[in-house]
Amino acid sequence: MRENDRVTSATRQPETPAATVPPRLIATDLDGTLLRDDKSVSPRTIAALAAAEEAGIEVFFVTGRPARWMDVVSDHVHGHGLAICGNGAAVVDLHGGPGTHRFVKVRELERENALDAVRLLREAAPGTVYAVEQTYGFHQEPDYPKLHMEIPDDLAPAEDLLAPDGPGAAEPVLKILAYHPTFDPDAFLTLARLAIGERANVTRSSPSALLEISGPGVSKASTLALCCAERGISHEEVVAFGDMPNDVEMLTWAGRSYAMGNAHPDVIEAASGQTVANNDDGVAVVIERLLAERE
């Protein structure tokens, strides 16, 4: 059985008992979901988020992005200002706006596990290159392509970057990025999950063969569940949105969930409903409907 078969085998129908429970929290992915393809947040979406919070519904941004890439939405979180970043590796308080973000929860990838994952994936997929994401630092191997919007702090083999005395040794490792230049993205994900096993959690959110490797059990879903438990919010009271495989567990866990019109097939299978594409304000469309149902 494939990993995705396990987490989506109980795919819900659009009308479930949770559909009658008033939502208390909206959990939305960013890229390909809340954000348009030009990385903007549309005026309609800004208004929908504000209306949800005005109605007493918390909004969580749940993303694979690192915390330092959250400036694009920090002006739109209003009174709550919390984001789950790095596919669940960190929870960040965005109050105060750009440059003032504060970590409130970190679920790190232990360096021993990280080194094991690198070794096992190198053996299974020769030619894989790596980058290392930390709370504040970003490091990569010399052959890792320019995929991100920043210049790395260090260039070195992953084994050196993850060594006990490596660069940023005092900072937690949040996730590893693994890129292969020729693999099909879904095939690379399947191969990596089989090779790495329980040593780390492996997912992907990129259209290319770029994988994201986090600590065992660390995912958007598991960190969202922790945050909800701290607030006394049940999964039935959560409405979630996503578009890529790293959203599957979160969409399966939430009481109500929506795949975007542009979503990966596994996401459509996992979600209890579907909305229009990110460029057509699919998140706002659902939020507006949810608020209208409360009137």
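Scroll up to find the structure this text is about.
Residues numbered from 1 in each chain as written. Predicted model: local features only at pLDDT ≥ 70, side-chain atom pairs only at ≥ 80, totals over all residues. Heavy atoms only, no water.

1. Some words on the environment of Gly32
The cut-off we apply is this: Numbering of helices and strands runs from the N terminus; a helix is a DSSP stretch of H or I covering at least four residues, while a strand is a stretch of E covering at least two.
Mapping Gly32 onto the fold places it in helix α2 (residues 30–34). Along the primary structure Gly32 and Asp243 are separated by 211 residues, whereas in three dimensions their C-alpha atoms are 6.2 Å apart.

2. Quick look at the packing of aromatic side chains
What counts here: Stacked, edge-to-face and tilted labels apply to pairs of Phe, Tyr and Trp rings (six-membered ring for Trp) whose centres lie within 6.5 Å, assigned for plane angles under 30 degrees, over 60, and everything in between, in that order. Classification of residues uses two cut-offs on accessible area relative to the type maximum, computed with a 1.4 Å probe and protein chains only: under 20% is buried, over 50% is exposed, and between them is partly exposed.
Per the stated rule, a full pass over the model turns up three aromatic pairs. Between Phe183 and Phe188, the ring centres sit 5.4 Å apart and the planes meet at 15 degrees, which makes this aromatic pair stacked. For Phe183, a relative accessible area of 30% corresponds to the partly exposed category. We classify Phe188 as buried; its relative accessible area is 0%. With centroids separated by 5.5 Å and ring planes inclined at 20 degrees, the aromatic side chains of Phe241 and Tyr258 adopt a geometry described as stacked. Of this pair, Phe241 sits in strand β12 (residues 238–242) while Tyr258 is found in strand β13 (residues 256–259), placing the two residues 17 residues apart along the sequence. The exposure class of Phe241 is buried, given its relative accessible area of 0%. Its relative accessible area of 9% is what places Tyr258 among the buried residues.

3. Focus on the sheet that holds β12
Paired through backbone hydrogen bonds, the strands of a sheet run either parallel or antiparallel to each other. Threshold: Criterion used throughout: strands pair if DSSP finds at least two bridges between them. Two residues form a contact once any of their heavy atoms are found within 4.5 Å. Each axis is a line fitted through C-alpha atoms, and for a helix only the stretch in contact is used; angles between axes span 0 to 180 degrees, taken between their N-to-C directions.
If you walk across this open sheet you meet the eight strands as β5-β4-β3-β2-β1-β12-β13-β14, and the pairing is mixed. Only two strands of the sheet have a single partner each, and these edge strands are β5 (102–106) and β14 (273–274). Pairing between strand β1 (residues 25–28) and strand β2 (residues 58–62): four bridges, direction parallel. Bridge pairing in β2 places Ile26 opposite Val59. Together, β1, β2, β3 (82–85), β4 (90–93), β5 and β12 form the strand contacts of helix α8 (residues 220–231), whose direction differs from that of β2 by roughly 155 degrees. The sheet contacts of helix α11 (residues 282–294) involve β1, β12 and β13, and relative to β13 the element is tilted by about 150 degrees.

4. Structural notes on the layout of surface pockets
So the rule is basically this: A 1.4 Å probe that fits into a set of points on a 1 Å grid over the protein atoms alone but cannot get out defines a cavity; an open set with protein on both sides within 12 Å along at least five of seven lines defines a pocket, and lining residues are those with an atom within 4 Å of a point. Grid points are joined across faces, edges and corners, and a volume is the space filled by probe spheres set on the points. Residues are grouped as follows: Ala, Val, Leu, Ile, Met, Phe, Trp, Tyr, Cys and Pro are nonpolar; Asp, Glu, Lys and Arg are charged; every other residue, Gly included, is polar.
Estimates place the volume of the largest pocket at around 670 Å³. Of all the elements in the fold, those that place two or more residues in the lining of the largest pocket are α2, β9 (173–179) and β11 (210–214). Looking at the lining of the largest pocket residue by residue, the class counts come to nine nonpolar, 10 polar and 11 charged.

5. Digging into helix α3 (residues 43–54)
One full turn of an α-helix is made of 3.6 residues, so residues set three or four places apart face in the same direction. The following threshold applies: The span one expects for a helix is its residue count, reduced by one, times 1.5 Å. The arc in question is the one traced by the directions running from the helix axis out to the C-beta atoms.
Counted at 1.5 Å a residue, the expected span for α3 with its 12 residues is 16 Å, and the 16 Å between its end C-alpha atoms agrees. Those residues of α3 lying buried are Thr45, Ala48, Leu49, Ala52 and Glu53. One face of α3 carries all of its buried residues, which in axial projection span an arc of 130 degrees. Across α3 from its buried face, at more than 90 degrees, point the exposed residues Pro43 and Glu54. Turning to α3, the residues buried within the fold contact β1, α2, β2 and α11. Positive phi appears at Gly56, one or two residues downstream of α3, with a value of about 90 degrees.

6. Let's talk about the sheet that holds strand β10 (residues 201–203)
The sheet built from six strands is open, its strands ordered β8-β7-β6-β9-β11-β10 with mixed pairing. Both edges of this open sheet fall to β8 (154–155) and β10, since each of them pairs with a single strand only. Pairing geometry for β10 and β11, over three bridges, is antiparallel. In the sheet register, Val202 faces β11, and the bridge partner there is Ile213. Helix α5 (residues 111–124) contacts β6 (129–134), β9 and β11 of the sheet and is inclined by roughly 165 degrees relative to β6.

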